[in-house]
Structure formats: C-alpha cells, structure tokens
Amino acid sequence: MNHKTLRKLVLLSADGTLSEQEQALAQKHIKECARCAADLQRLSKIQQTVKEFPAPKVRPFFAQRVMAEYRASAKERFWTVFEGIPRPLLFAALSVSIMLIFLTIPQSARETESLNLFTQFYSTEVPYSLESDEQALAFLIKNELPSTTGERQ
Amino acid sequence: MEEVAFNQDHQELILAGKQGDESALTQLIELYAPFVHRLIFSIVRDDSVVEDLAQDAFIKMLTAIENYEFRAPFKSWLTRIAVNVCRDHLRKKKVRSIINFFKVNEETNEEQSFMDEAPNPVMLLEKDERKKILLRAMERLPASSRMILVLRELNQLSYEEIAAALGWKMGTVKSRLFRARQELLQELAPYREDLL
C-alpha cells in the first residue's frame with residue numbers, strides 16, 4: 001500500500017468510520033510516519049477548535065413566524081396561477097363556470113324559488129300547493145294576471 | 001446507524017406534515033431550526049441574514065414536503081435545501097462565503113500577525129485568534145472542499161448524510177473529505193503547530 005493511501009486512512013481515522021483492518025493499518029502508519037502523525041494531531045486540534053465556534057441562537061416563535069409566512073405565500077401562490085392565463089380566456093372560463101353552476105341547480109330548487117317569488121308578489125295565501133304547471137295556470141286565472149308594470153291589480 | 005434512528009424518530013411527524021398537519025410542521029421546524037441556523041451561519045458567516053435564509057429554507061421545505069419520499073434521510077434533504085438557499089444568496093450578493101463574520105483588515109494586513117514570526121505569542125494563543133486563523137484557512141480552499149468541511153466538521157453530518165445532501169457517492173465523500181483536510185493542513189502549515 002502506498003503512502004497516499006495510508007495517509008488517507010490516517011486522516012479519515014478520526015471519524016471512526018474505518019474497518020478494523022483499515023484502522024490497524026492507519027495506526028501502524030502513524031507509528032512509522034512522523035508527518036502523518038503530526039497532521040492527525042493537528043486535525044484533532046482543528047476539530048476541537050471548530051466545536052468552539054459560536055452557533056446562532058434561534059429566536060422565540062421562529063417556527064410560528066415561518067408558518068405565518070408560509071400561509072401568506074401560499075395565498076399568493078394561489079393567485080399567481082391565474083396570472084399566466086390570457087384575460088379573454090379567463091372571462092370565457094368564468095362565464096362557462098357561472099352557466100354550469102346555474103344549470104346544475106336542481107330543477108325543483110328553481111321551482112321552489114319561483115313559487116316563493118310568486119307568493120311574495122301577490123301577498124296572498126296560496127290555497128293549495130302548486131305542484132304542476134296546470135295548477136299554477138289555474139291559480140293565475142283565478143287571481144287575475146299581474147300587470148305588465150308588475151304592480152298589483 | 002444512530003443517524004438513521006434519528007431520522008425514523010421523526011417519521012410520524014414527517015408523514016403528518018406531508019398530509020398538511022400544521023402542528024406537525026411547526027414541530028418539525030422547531031426540531032430542525034437550530035441545525036439549519038448553524039448550517040446557514042457556517043456557510044454565509046453573516047449573522048444578519050441567518051434568520052431570513054433559515055426562514056426561506058423552511059418555506060421551501062414546507063412547499064416541497066408533499067413530494068418528499070424518504071429516499072434520503074430527512075436531515076440530508078433539508079440540508080440540500082438550505083445549502084441551495086445559501087448558494088442563491090451568495091450568488092446574488094456576490095460575496096465570498098465563509099469569512100465575512102471575522103473580517104480581515106486588509107489595510108493593516110492583520111493576518112501577518114498570526115504567522116510564525118508574530119511578536120506576541122500570548123495573543124496568538126487566544127481562542128478567537130485560533131478561530132480566525134482556521135476560518136481564513138478555510139476561506140482560501142476551493143468551494144467544494146470548503147463545503148464538505150462545513151458539513152462534516154462544523155455541522156457534524158455523517159458521510160451518508162453528506163452523500164445524500166450533495167448527491168455524491170460514498171467513495172466521493174471520502175476522497176473529497178481527505179483532499180479537503182489535506183488542503184486545510186497545507187493552508188495551516190505556515191502557522192505554529194502549538195497554535196493550531
């Protein structure tokens with residue numbers, strides 16, 4: 001084994017990751033080579049000095065501040081999705097969405113809504129439930145049709 | 001083995017965090033904040049930007065945690081994010097990394113006073129001076145050597161964690177660490193042995 005390989009083992013021996021055989025070779029070389037022995041000693045001093053380096057302190061509530069910043073940036077990211085889309089396309093998509101929402105409202109819900117408006121308009125009690133168009137028509141004929149201005153007759 | 005166990009200890013938190021559990025994410029940040037602060041400080045050596053960069057690193061972590069798949073230890077994955085944040089910062093600021101904290105007085109050539117012929121041996125033995133010498137020596141190393149020394153010596157990352165963080169093979173980590181240590185010893189050669 002040449003000197004460079006043995007020197008490598010020596011300089012890595014401080015980490016405790018060598019195999020038993022490699023560690024034995026490194027130990028043997030340290031006894032034979034004054035330069036490598038001195039460098040290993042110096043490396044150990046360096047590692048000791050490094051441990052004395054100051055470490056920055058984490059300020060209180062750091063994690064909470066990060067989470068708040070993340071939530072804010074997540075909202076920004078949501079809106080930036082729309083920035084790249086051309087405006088006409090965006091309007092078209094919005095119109096289609098509104099139409100789809102309208103179309104997906106159940107027919108019965110719309111009928112109920114119409115009945116409520118109808119009842120409010122006449123302020124009269126509906127004598128029976130209007131379950132069909134025929135019944136609604138009969139009710140209108142009986143109570144006179146509303147005027148075109150929408151005022152009560 | 002110890003490092004793997006460390007990673008597994010937080011597996012439940014990581015899994016909950018992946019599902020968007022804010023309490024788990026907050027706990028993860030609290031657990032790794034000291035490590036990330038130290039790592040960033042050891043790379044940029046500027047304490048005025050450490051918190052901002054740590055915050056950037058954690059926000060990147062929160063954004064990407066959904067895609068983290070346990071292929072590498074969480075600590076390595078986070079290290080890679082933090083290192084990239086530091087690289088971006090240094091690239092933007094166009095500063096050299098490691099010595100800003102202990103600025104050398106170029107005009108008086110202060111560095112000369114730490115050499116063998118320095119007149120005041122008492123001062124030479126002070127701890128702060130030893131740290132300055134070491135940081136100056138590290139500053140003169142090539143970027144890849146400096147990075148591996150920062151991760152191994154200053155932040156105590158294992159070979160496996162370094163390999164995963166920098167995307168290197170284990171053999172590459174060993175070779176580069178050996179080379180970096182050799183280069184550091186060469187840089188320190190002009191200084192007295194009893195000093196460092």
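Student: Explain the overall build of chain A to me, and be specific about the residues and the numbers.
Tutor: Within chain A one finds seven helices and zero strands. For chain A, the sequential pattern of α-helices and β-strands runs α-α-α-α-α-α-α. In chain A, the share of contacts with a sequence separation of at least 24, taken over all contacts with a separation of at least 6, comes to 35%. Counting only carbon and sulfur atoms, one obtains 60% of the accessible surface of chain A, whose full area is about 11400 Å².

Student: Any chance you could break down the overall build of chain B for me, citing the residues and the numbers?
Tutor: Each helix and strand counted, chain B has 10 helices and zero strands in total. Starting at the N terminus and walking to the C terminus, you meet the elements of chain B as α-α-α-α-α-α-α-α-α-α. Evaluated residue by residue, chain B yields a buried proportion of 52% over its 196 residues.

Student: Kindly report on the confidence of the model for chain B, identifying the contributing residues and their values.
Tutor: In low-pLDDT segments, the atomic positions of the prediction should not be examined closely. Residue and element names in this part refer to chain B. Across chain B, the average pLDDT comes to 81, with 76% of residues at or above 70. The secondary structure element of chain B with the lowest average pLDDT is helix H1 (residues 2–9), at 48, and the one with the highest is helix H4 (residues 50–64), at 95. Note on residues 1–6: pLDDT under 50 across the span, and five contacts to partners over four residues away in sequence or across chains. Below a pLDDT of 50 lies the segment residues 99–119, which in the model reaches 40 contacts outside its immediate sequence neighbourhood of four places, other chains included. We note a pTM of 0.66 for the whole complex and an ipTM of 0.74 for its interfaces.

Student: For unusual backbone geometry, give the residues involved together with the corresponding values.
Tutor: One non-glycine residue with positive phi stands out, namely Phe61(A), at about 65 degrees. Mapped onto the elements, Phe61(A) comes out in the loop between helix H3 (34–51) and helix H4 (62–83). The exposure class assigned to Phe61(A) is exposed, which follows from its relative accessible area of 61%. A positive phi angle, close to 60 degrees, is found at Phe70(B), a residue other than glycine. Here Phe70(B) shows up in the loop between H4 and helix H5 (74–93). Its relative accessible area of 27% is what places Phe70(B) among the partly exposed residues.

Student: Which residues make up the packing of aromatic side chains, and what values do they have?
Tutor: Residues and elements named next belong to chain B. As enumerated under the stated definition, the model contains six aromatic pairs over all chains in all. For the ring pair Tyr68 and Phe70, a centre distance of 4.9 Å and an interplane angle of 55 degrees mean the geometry is tilted. Overall, Tyr68 belongs to the buried group, its relative accessible area being 3%. Taken together through their ring pairs, the aromatic side chains of Tyr32, Tyr68, Phe70, Phe74 and Trp77 make up a single cluster. When the ring centre of Phe41 is taken as origin, the NZ or CZ atom of Arg45, which lies over that ring, is 4.4 Å away.

Student: Please set out the interface of chain B and chain A residue by residue, giving values where relevant.
Tutor: Between chain B and chain A, the contact holds 43 residues from the first and 34 residues from the second. At the boundary of chain B with chain A, total buried surface from both sides reaches about 3900 Å², with 66% on carbon and sulfur atoms. Among the residues of chain B in contact with chain A, Phe178(B), Arg181(B) and Leu185(B) are the three that bury the most area, contributing 17% of the side total. Along the contact surface separating chain B from chain A lie five salt bridges. Residue Asp15(A) pairs with Arg152(B) through a salt bridge whose shortest N-O separation is 3.2 Å. Linking chain B with chain A are 15 residue pairs in polar contact (both at pLDDT 80 or more). Sorting the residues of the side of chain B that touches chain A by element identifies helix H3 (22–44), H4, helix H7 (127–139), helix H8 (143–154) and helix H10 (170–188) of chain B as the ones contributing at least two each. Considered class by class, the residues forming the side of chain B that touches chain A number 22 nonpolar, six polar and 15 charged.

Student: Now, about the pattern of salt bridges: what can you tell me, with residues and values included?
Tutor: Applying the stated criterion across every chain, the model contains 11 salt bridges over all chains. In this structure, Arg91(B) and Asp88(B) form a salt bridge, with 3.1 Å as the shortest nitrogen-oxygen distance. Taken together, the residues span about one helical turn, with Arg91(B) and Asp88(B) both in helix H5 at a distance of three residues. One salt bridge in this structure joins Glu187(B) and Arg140(B), with 2.7 Å as the shortest N-O distance. Of this pair, Glu187(B) sits in helix H10 while Arg140(B) sits in the loop between H7 and H8, placing them 47 residues apart in sequence. The network of salt bridges with common partners includes Asp15(A), Arg152(B), Glu153(B) and Arg181(B).

Student: Give me the packing of H5(B) against helix H9 (residues 159–166) of chain B: which residues, what numbers.
Tutor: In a pair of packed helices, the angle between the axes and the distance between the axes together describe the arrangement. Residues and elements named next belong to chain B. Look at H5 against H9: their axes get within 8 Å of each other, and the N-to-C directions meet at 50 degrees. Accordingly, the angle class assigned to the pair H5 and H9 is oblique. In terms of crossing hand, the pair formed by H5 and H9 is right-handed. Counting all contacts with H5, which are made through Lys75, Ser76, Thr79, Arg80 and Arg87, the residues of H9 involved are Glu160, Glu161, Ala164, Ala165 and Leu166.

Student: Hey, could you go over the side chain of Gln55(B) for me, with residue numbers and the actual values?
Tutor: If you trace the backbone, Gln55(B) turns up in helix H4. Given the relative accessible area of 16%, Gln55(B) is considered buried. In this structure, Gln55(B) is in contact with Phe62(A), Val66(A) and Glu69(A), ignoring residues within four places of it in sequence.

What counts and what doesn't
- Residues numbered from 1 in each chain as written.
- Chains lettered and ligands numbered in written order.
- Predicted model: local features only at pLDDT ≥ 70, side-chain atom pairs only at ≥ 80, totals over all residues.
- Heavy atoms only, no water.
- Helix = DSSP H or I, 4+ residues; strand = E, 2+ residues; numbered from the N terminus.
- Contact = heavy atoms within 4.5 Å.
- Areas by Shrake-Rupley, 256 points an atom, 1.4 Å probe, with all protein chains shown as cover.
- Buried < 20%, exposed > 50% of the residue type's maximum accessible area, 1.4 Å probe, protein only.
- pLDDT = per-residue confidence, 0-100.
- Phe/Tyr/Trp six-rings, centres within 6.5 Å; stacked < 30°, edge-to-face > 60°.
- Lys NZ or Arg CZ within 6 Å of the ring centre and 35° of its normal.
- Buried area = accessible area lost by both parts, 1.4 Å probe.
- Salt bridge = Lys/Arg side-chain N within 4 Å of Asp/Glu carboxyl O.
- Polar contact = N/O pair within 3.5 Å; in protein donor to acceptor, adjacent residues only side chain to side chain.
- Nonpolar A, V, L, I, M, F, W, Y, C, P; charged D, E, K, R; others polar.
- Axes fitted to C-alpha atoms, helices over the stretch in contact; angles between N-to-C directions.
- Parallel < 35°, antiparallel > 145°, perpendicular 65-115°, else oblique.
- Left-handed = near helix turned anticlockwise from the far one by under 90°.

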